Every structure is written in structure tokens, then in C-alpha cells.
Amino acid sequence: MNKSIPTYTLNDGQEVPVIGLGTVGIKGAKGVNEVLDALDNGYRLIDTSTNYNNEGMVGEAIRRSSVPRDQILVSSKLPGAKHKYEDAIQMIQESLYRIGIDYFDKYLIHWPLPKQDQYVEAWQALVDAQKFGLIRSIGVSNFLPEHLDRIIEETGVTPATNQIERHPYFTNKRVIEYNKEHGILTEAWSPFGREINDLLENEMIASLAEKHKKSVGQIILRWNYQEQILTIPKASSNKHQRENMDIFDFTLSDEEMKMIDSLDKGLDGLVEGQHPNEYEEFD
Ligand SMILES: NC(=O)c1ccc[n+]([C@@H]2O[C@H](COP(=O)([O-])OP(=O)(O)OC[C@H]3O[C@@H](n4cnc5c(N)ncnc54)[C@H](OP(=O)(O)O)[C@@H]3O)[C@@H](O)[C@H]2O)c1
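Residues numbered from 1 in each chain as written. Predicted model: local features only at pLDDT ≥ 70, side-chain atom pairs only at ≥ 80, totals over all residues. Heavy atoms only, no water.

Here's the deal with the UniProt feature "binding site: substrate" (unreviewed entry) in the chain
Mapped onto this structure's residue numbering, the UniProt feature "binding site: substrate" (unreviewed entry) falls at H110. Note that H110 resides in the loop between β6 (104-109) and α4 (119-131). Relative accessible area serves as the criterion here: at 7%, H110 is assigned to the buried category. If sequence neighbours within four positions are ignored, H110 has contacts with S49, N51, Y52, K77, L78, S141, N142 and E281. (UniProt positions renumbered as here; feature names shortened; annotations may be inferred. Helix = DSSP H or I, 4+ residues; strand = E, 2+ residues; numbered from the N terminus. Buried < 20%, exposed > 50% of the residue type's maximum accessible area, 1.4 Å probe, protein only. Contact = heavy atoms within 4.5 Å.)

Some details on the site of the ligand
Taken together, 28 residues sit near the ligand, with D47, S190, R194, S236 and H240 positioned nearest. Take P191: an N or O atom from its main chain is 3.4 Å from an oxygen atom of the ligand. Separating an oxygen atom of the ligand from a backbone N or O atom of S237 is a distance of 3.5 Å. A total of 920 Å² of accessible area belongs to the ligand in isolation, and the protein chains cover 90% of it. Taking a 2 Å distance to the grid points as the criterion, the majority of the atoms of the ligand fall inside the largest pocket. No other element matches helix α9 (residues 238-245), which puts 3 residues into the shell around the ligand. (Near = heavy atom within 4 Å. Polar contact = N/O pair within 3.5 Å; in protein donor to acceptor, adjacent residues only side chain to side chain. Areas by Shrake-Rupley, 256 points an atom, 1.4 Å probe, with all protein chains shown as cover. 1 Å grid on protein atoms, 1.4 Å probe; cavity = no way out; pocket = protein on both sides within 12 Å on 5 of 7 lines; lining within 4 Å. Sits in = over half its atoms within 2 Å of the grid points.)

Let's talk about the packing of aromatic side chains
Enumeration according to the criterion identifies 5 aromatic pairs in this entry. Pairing W111 with W189 gives two aromatic rings, centres 6.3 Å apart and planes at 70 degrees, and the pair type is edge-to-face. Within this pair, whereas W111 is found in the loop between β6 and α4, its partner W189 is found in strand β9 (residues 185-189), the two being separated by 78 residues in sequence. As far as burial versus exposure is concerned, W111 and W189 are alike and both buried. Residues Y225 and F248 carry aromatic rings whose centres are separated by 5.2 Å and whose planes lie at 85 degrees to one another, so their mutual orientation is edge-to-face. Of this pair, Y225 sits in helix α8 (residues 216-225) while F248 sits in the loop between α9 and α10 (254-261), and the two are 23 residues apart along the sequence. Residue class for F248 comes out partly exposed when judged on its relative accessible area of 30%. Three or more aromatic residues joined by ring pairs make a cluster, and in this case those are W111, W189 and Y279. (Phe/Tyr/Trp six-rings, centres within 6.5 Å; stacked < 30°, edge-to-face > 60°.)

Right under this line is the structure:
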């Protein structure tokens, strides 16, 4: 572990950096160089997914990097089409072959797809894959409290993390409260609202940025860090990668934290309207 990055301790004892690299859109030979840059810039957690079509690229960057494998945490996700028990186990093995590693540090069910009603079976597969040594920490993504209640009740195993949409326009407090009460670490996806909304131009956050001599992105990442939330901003440029790791030398006041909370737009703030009870993706 790179000791310059603070860590969170998961409910299974594993330490994870408080900031990782998101990789949606980071692909191919260019992507390998961008992940290598990220490792040089101190990132030690890489968030990928079968759905991103870049697991092979992540593996190539890990092989080419001078950072030893055991200091890099690799996290991937189970696609919706693979929720059946046998399919899930084979998908985990296939993803490991694609990346060229023999275990995941972290692995998540990508979406619950409650209309398909197979997420408990998928969760049992992750629980068993952890016992087989294929995964160190098991978690979920986009799970609401009702989905979490069900997997915990039916398997007796609480996820280590729940990766959810979370940014100032969709603060997702209800799920975060549930996660906290159950010892589940929240991970925030699209912390900057991706490129499809104006979050990075928000005037109120810009005024806080000016006051703290930081960027809008840094204020958003700090807001999450002060709530004990792991963030995985996607950044391909060196400039953004370095900026996103440089958030540990200032503090937002309680009042400033609340000012950012107040930007919440509820479901209108979702970046692509993907409600976990409705949204389905299978690949
Ligand atoms: N579990 C899920 O269902 C789910 C869903 C969506 C995303 N995710 C994960 O979350 C990660 C992050 O979300 P995201 O990719 O949707 O979007 P995001 O991280 O909110 O935003 C990425 C955009 O912000 C730019 N950026 C990065 N750092 C910046 C900075 N300091 N200042 C200004 N702009 C900056 C990036 O530009 P450059 O690339 O040019 O640097 C890119 O255009 C994904 O990559 C993925 O790993 C998970």
C-alpha cells in the first residue's frame, strides 16, 4: 500500500485507499498509458468492470508497471447477464483470466436488477468465490436498503462495500445512512457527475474552491472524504489525476459540508436517470 494515501478499513479487515481510479472510457493502448500514469501518480485502487470492456487493458498496465501486483487493488464487477450461480462463478474466473491475475482484491455485483430477481443467487456466488480464494473483499453496487436487507438475511453475509451514484446533485443520503449503520463502506461513482451535467461549473462550489485555493473537483472529493466515502474519479490526464489525489491539506467546515449537501436535486440529479429498481443492463 502506498502510505501517502489514507485508507479505510473494510468490515473484513482489508485496507483500501480512500481514492481510486475510475476507468469508464479508458481503453486500448492509450488506456494502458493512462493507467500507468495513474500508478505513477500514486493510485493503488483501479475500478474496472466487464461492462467497460477494458479488463485486459487494466491487466496489461499492471504487468508493465513497476508497482508490484500486491500493492495494487483491482476491483471489477459482475454483469447482469451472469447472476445465475454457475454463470457468476465462471464470469469471475473469466475476468481473472482477462486481467491475468489470480485473485480480485474487490469484486462487486454491478446492478441488482430486482425485476430479474437473481441477485441473492449472485451474492451467494460472490460469498463462495471469496471462500475459494478468487476474491479478497466482496461487495455490491447500486444496491438499495431493501436489496441489502435481503442478501444479508438470506446469506448471513454483509457486503464490504456498496458502490453507488453520489455527487452534490444526488447526495444519496438514505443509502449512505444504511451503509454506515451496517458497517458497509460507501463508494461514490461519478463523483463529478461525469461530463453530462454542469456540476464542475457550479458557482457555489466554485466559491468554496476559491476560498480554499482548490479546484471544484477537489472540493467534491474532500466533501466525500469527510463523510468517510471512497471516491473513484475517472481521470485520464496527468493534471486531473494529480489534482484528484491532492485533497488532504484542507478541511471543509460543517457549514460548508451542509452547503454542498443542499445542492441535492433528488432523483432529478441522477446523471443518466438510472434508478436501481428500474434500470437493467445485462452486459
Ligand atoms: N457502479 C456503477 O454502476 C458505476 C457507474 C458509473 C461509473 N462508475 C465508476 O465510477 C467512475 C467515475 O465515474 P464517471 O467516469 O462516470 O465520471 P466522473 O469521475 O464523475 O467524471 C469523469 C470526468 O471528469 C473529468 N475530470 C476528472 N478529474 C477532473 C478534475 N480534477 N477537474 C475537472 N475535470 C475532471 C474527466 O476528464 P479526463 O478523463 O479528461 O481527465 C472526465 O471527463 C467510472 O469511471 C467507473 O469506474 C461505476
